[in-house]
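Residues per chain, in single letters:
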Amino acid sequence: KKNITSNQAKGRRYTQDITDDLIVTDNCTAFQQRVSLLLDNALEYSPEGGEISLTGIGGKVEIAVSHTVDAAQHIDVSWLFERFYRADESHSGAVKGTGIGLSIVKATVQAYGGKITAKQSGDTITFGAVL
């Protein structure tokens, strides 16, 4: 059985699919911070009318946050976890923030023995964390 919800978030479609057997055993505050930072990043970088999804699978906890990007935008995902890196190469100021959120996520995931990845497939970027 899965809980699925859908809402509008600043013109974006948000879906959530979390299995009932998902049990988080690491530091709850750190876990919430990681998920929040990934969702904030998705909200900041997905275009209006885009989609954001959160998936959680039990057992060894796997969390995935996916979001759409502009179709013409190809992002070098190998840089996304670097401190102060900004995917907005134009530096237009259209995207707010300092560029440290994803580096914090990576550091805390690794501190608790987990692994995080980023992959782009077409117009979707997915951040996957195994905790």
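Residues numbered from 1 in each chain as written. Predicted model: local features only at pLDDT ≥ 70, side-chain atom pairs only at ≥ 80, totals over all residues. Heavy atoms only, no water.

1. Quick word on the overall build of the protein chain
As a reminder, the rule being used: The helix count covers DSSP runs of H or I at least four residues long, the strand count covers runs of E at least two residues long, and both are numbered beginning at the N terminus. A 1.4 Å probe rolled over the protein chains alone gives each residue an accessible area, and that area as a share of the maximum for its type sets the label: buried under 20%, exposed over 50%, partly exposed in between. Pairs of residues are marked as contacts when any of their non-hydrogen atoms sit within 4.5 Å. Accessibility throughout is a Shrake-Rupley quantity obtained with a 1.4 Å probe, and a residue counts as covered only by protein chains that appear here.
When helices and strands are tallied, the protein chain shows 2 helices and 6 strands. Along its sequence from the N terminus, the protein chain presents helices and strands in the succession β-β-α-β-β-α-β-β. Out of the 131 residues belonging to the protein chain, those deemed buried represent 35%. Considering only contacts within the protein chain whose residues lie at least 6 apart along the sequence, 56% involve residues at least 24 apart. As displayed, the protein chain has an accessible area near 7,800 Å², and 52% of this comes from carbon and sulfur atoms.

2. Examining the nonpolar core
Applicable threshold: Working definition of a nonpolar core: buried Ala, Val, Leu, Ile, Met, Phe, Trp, Tyr and Cys residues. They are joined through side-chain atoms within 4.5 Å.
Grouped together as the largest cluster of nonpolar side chains are 23 residues, with contacts concentrated most on L38, I116 and F127. Going through the elements one at a time, α1 (28–45), β3 (51–57), β4 (62–68), α2 (101–111), β5 (115–121) and β6 (124–130) are the ones with two or more residues in this core. Looking at this core, the element that brings in the most residues is α1, giving 4 residues. When residues no more than four places from it in sequence are discounted, the contact partners of L38 are V65, L102, V105, I116 and F127.

3. Some remarks on the side chain of T68
As a reminder, the rule being used: The term polar contact refers here to a pair of N or O atoms within 3.5 Å; inside protein, the definition further demands a hydrogen-donor-capable atom paired with an acceptor-capable atom, and it admits residues adjacent in sequence only when both atoms are side-chain atoms.
As for its placement among the helices and strands, T68 is situated in strand β4. A residue is classified by how much of its surface remains accessible, and T68, at 14% relative accessible area, is buried. At 3.0 Å, the side chain of T68 and the backbone nitrogen of E51 are in polar contact. Setting aside anything within four residues of it in sequence, one finds T68 in contact with Y45, S46, P47, G50, E51, D123 and T124.

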